Amino acid sequence: MRRRTPTGRSATAARTGTAETTAPTARVHGAERHVVLGLYRSDHRRQQLEAALTAGIRALDTASNYRDFAAHRILASEAADLLSEFTVSTKVGFFRAAGGVEHSLDPGRLRRAVAEAVDELGRVPDVVLLHSPERSLSGDLAADYDRFAAACAVLADAVAAGLCGSWGISCWDSRPLARLLTAGEGLGASPRPDVLMVRSGLAVGADGLDAAEQAAALLGVPPAGRWGMSPFAGDAANPAWQRINPGAFLRPGQQAATLPAVFRLAFELPQVARVAVGSTSSAHLRALATATELDVDAAQIARYRQLLAGRLRPEAP
Ligand SMILES: NC(=O)c1ccc[n+]([C@@H]2O[C@H](COP(=O)([O-])OP(=O)(O)OC[C@H]3O[C@@H](n4cnc5c(N)ncnc54)[C@H](OP(=O)(O)O)[C@@H]3O)[C@@H](O)[C@H]2O)c1
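Definitions and cut-offs
- Throughout, a residue's number is its position along its own chain's written sequence, starting from 1.
- Residues qualify for local features only when their pLDDT is at least 70, as the model is predicted, and side-chain atom pairs are given and counted only at 80 or more; totals for whole chains, interfaces and linings, by contrast, use all residues.
- Starting at the N terminus, helices and strands are each numbered in turn, a helix being any DSSP run of H or I of at least four residues and a strand any DSSP run of E of at least two.
- We call two residues in contact if the C-beta atoms placed from their backbones are at most 7 Å apart.
- Any residue qualifies as near a molecule or strand once its backbone-derived C-beta atom lies within 6 Å of it.
- Each residue gets one of three labels, nonpolar for Ala, Val, Leu, Ile, Met, Phe, Trp, Tyr, Cys and Pro, charged for Asp, Glu, Lys and Arg, and polar for the others, Gly among them.
- Comment: axis = line fitted to C-alpha atoms, over the contacting stretch for helices; angle = value between 0 and 180 degrees taken between N-to-C directions.
- Reported orientations rely on four angle classes, namely roughly parallel under 35 degrees, roughly antiparallel over 145, roughly perpendicular from 65 to 115, and oblique for the rest.
- Left-handed is the label given to a crossing in which the near helix is rotated counterclockwise from the far helix by less than a right angle, and right-handed is the label when the rotation is clockwise.
- Take the buried Ala, Val, Leu, Ile, Met, Phe, Trp, Tyr and Cys residues, join any whose C-beta atoms are within 7 Å, and the set you get is a nonpolar core.
- To assign burial, the other C-beta atoms lying within 10 Å of each residue's own C-beta are counted, with C-beta atoms placed from the backbone; 20 or more indicates buried, 12 or fewer indicates exposed, and intermediate counts indicate partly exposed.
- How sure the predictor is of each residue is captured by pLDDT, a score from 0 to 100.
- DSSP calls a pair of strands paired once it identifies at least 2 bridges connecting them.
- For a helix, the expected span equals 1.5 Å multiplied by the residue count minus one.
- At every residue, the bend is computed as the angle between two fitted axes, covering the seven residues ending there and the seven beginning there respectively.

### Remarks on the overall build of the chain
In terms of regular secondary structure, the chain is built from 11 helices and 11 strands. Sequence-distant contacts in the chain: of pairs separated by 6 or more residues, those separated by 24 or more amount to 78%.

### Brief notes about the site of the ligand
Near the ligand lie 28 residues; those nearest to it are Gly38, Tyr40, Met229, Gly278 and Ser279. For the shell around the ligand, the elements supplying multiple residues, two or more each, are helix H9 (258-265), strand S11 (274-277) and helix H10 (282-291). Counting residues per element, the shell around the ligand draws most heavily on H10, at 3 residues. Of the residues assigned to the shell around the ligand, the class counts are 14 nonpolar, 11 polar and 3 charged.

### Considerations on the packing of helix H7 (residues 175-184) against helix H8 (residues 206-219)
Running from N to C, H7 and H8 point in directions that differ by 45°, and their axes come no closer than 8 Å. Accordingly, the angle class assigned to the pair H7 and H8 is oblique. As for the relative orientation of H7 and H8, their crossing is left-handed in sense. Residues Arg175, Leu177, Ala178, Leu181 and Thr182 of H7 form the contact with H8, whose participating residues are Asp207, Gly208, Ala211, Gln214, Ala215, Leu218 and Leu219.

### Here we look at the nonpolar core
For soluble globular proteins, the rule of thumb is that nonpolar side chains tend to be buried together. If you look at the biggest cluster of nonpolar residues, it comprises 78 residues, and the most contacted ones within it are Leu60, Val128, Leu196, Ala215 and Val275. The biggest single contributor to this core is helix H6 (residues 141-160), with 7 residues. Among all residues touching Ala215, those that are not within four sequence positions of it are Ser174, Leu177, Ala178, Leu181 and Leu196.

### What to know about the confidence of the model for the chain
In this model, the chain carries an average pLDDT of 90, and 88% of its residues clear a pLDDT of 70 or more. pLDDT under 50 marks residues 1-24. Its contacts with residues more than four places away, or in other chains, come to 48 contacts.

### A few points about the pairing of strand S6 (residues 100-103)
Strand direction decides the pairing type here: strand S5 (residues 94-97) and S6, joined by 4 bridges, are antiparallel. Among the inter-strand pairings, Ala97 is bridged to a residue of S6, identified as Gly100. Linkage of S5 to S6, two consecutive antiparallel strands, is achieved through a turn of 2 residues, within which Gly99 is found at a positive phi near 80°.

### Describing the packing of H9 against H10
Between H9 and H10, whose axes approach to 9 Å, the crossing angle comes to 50°. Of the possible angle classes, the one that applies to H9 and H10 is oblique. Handedness of the H9/H10 crossing: right-handed. For the pair formed by H9 and H10, the contact residues are Pro260, Ala261, Phe263 and Arg264 on the first element and Ala287, Leu288, Thr290 and Ala291 on the second. Tallied by class, the residues present in the contact of H9 with H10 amount to 6 nonpolar, 1 polar and 1 charged.

### Concerning helix H4 (residues 71-83)
Over its 13 residues, H4 runs only 13 Å from end to end, short of the ideal 18 Å by more than 12%, given 1.5 Å per residue. Its maximal kink placed at Ser77, H4 deviates by approximately 65°. Those residues of H4 that fall on the buried side of the exposure criterion are Ala71, His72, Leu75 and Ala79. For H4, the elements touching its buried residues are helix H2 (46-54), helix H3 (66-69), strand S4 (87-92) and helix H5 (107-121).

### Describing the environment of Leu265
Structurally, the position occupied by Leu265 is in helix H9. Look at Leu265 and you get buried, because 23 C-beta atoms sit within 10 Å. For the pair Leu265 and Val296, spaced 31 residues apart in sequence, the C-alpha separation works out to 7.6 Å. Among residues more than four places away in sequence, those in contact with Leu265 are Gly201, Leu202, Pro246, Phe249 and Val296.

### Quick look at the environment of Gly220
If you trace the backbone, Gly220 turns up in the loop between H8 and strand S10 (226-229). Taking the C-beta count within 10 Å as the criterion, Gly220 has 12 such neighbours and is therefore assigned exposed.

### What to know about unusual backbone geometry
For the bond running from Leu269 to Pro270, omega is -5°, close enough to zero to count as cis. Here Pro270 is to be found in the loop between H9 and S11. Residue His44 is not a glycine yet carries a positive backbone phi of 65°. One can find His44 in the loop between strand S2 (31-38) and H2. A positive phi angle, near 70°, is found at Phe69, a position not held by glycine. As for its position among the elements, Phe69 is in helix H3.

### Notes on the environment of Leu137
Considering the arrangement of structural elements, one finds Leu137 in the loop between strand S7 (127-131) and H6. The exposure class assigned to Leu137 is buried, which follows from the 20 C-beta atoms found within 10 Å. The spacing of Leu137 and Ser104 is 33 residues in sequence and 9.6 Å in space, taken between C-alpha atoms. When residues no more than four places from it in sequence are discounted, the contact partners of Leu137 are Asp144, Pro176 and Leu180.

Here it is in structure tokens:
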């Protein structure tokens, strides 16, 4: 059986750009809607992966720096047999430094980090993402463009060398990347990423949503490669979530508890095919997986976007 990337294409198809799709779950915007188990806040233990599989979740997201740079090794030692059940995305960009952690887009460091990820995981990741490149952008557009393009080239080369199935970019703050790409009118002749992962959901402001959409368009990322993350802004227990009514965005007849409905909206703000969410609870994971099937009222989402952007026009008297 051919291995598939979480972009919905086999690793070969991702490289050649051919249009293969996996069996659909819920479909949205022409792409499939999937839950990704995000491991940022978790201990990367076996039980969590088992709970995800039981909930029908087949994708996980980690990073070289999670668990104090031990995430890949923990996954391989705790759950090597389970890893083959998942599409695995990981990220490179943060490195150990004297007295802490630093971010870098240095090509040599990124290249070594990708090779280490393969060694430590004991398998080729389906996707390697450039982790928060905005952290190393200085605002000098010409210098930033060269630094960013060189970092992208490292990941594209890693795909060609068989070190990952596909590559992409993960931005906590999409605005610096959108500014850079707007100034450069895209990536020029540089290789194009298969995936762009951005913050998504009701906690993202108008400028964040606009920037994420601009960046995805300028990078030419297809719908299946547009991913969201952190649907509860990392704090599902915040009382603010219980003071809103996300059900108002659902089509008539759709019922869901508040947090699953909030999660469903993270596929719309901005439009993404996957959302990486952290959870250590089997019940929560099941509720999230079920919520991907909810039907959302697109007109309500459009009105909300207008309201956020201050573009809502009063009704004519
Ligand atoms: N720069 C980057 O690339 C970047 C930055 C941040 C995040 N990410 C990715 O996004 C993933 C998720 O982000 P995150 O962990 O910051 O935030 P999040 O997914 O918004 O929130 C995680 C929290 O939500 C709770 N939760 C999940 N489902 C729930 C449910 N159905 N009911 C009640 N509570 C629920 C979890 O608690 P329980 O354990 O109790 O369920 C957990 O405390 C990360 O793991 C990572 O993969 C990437």
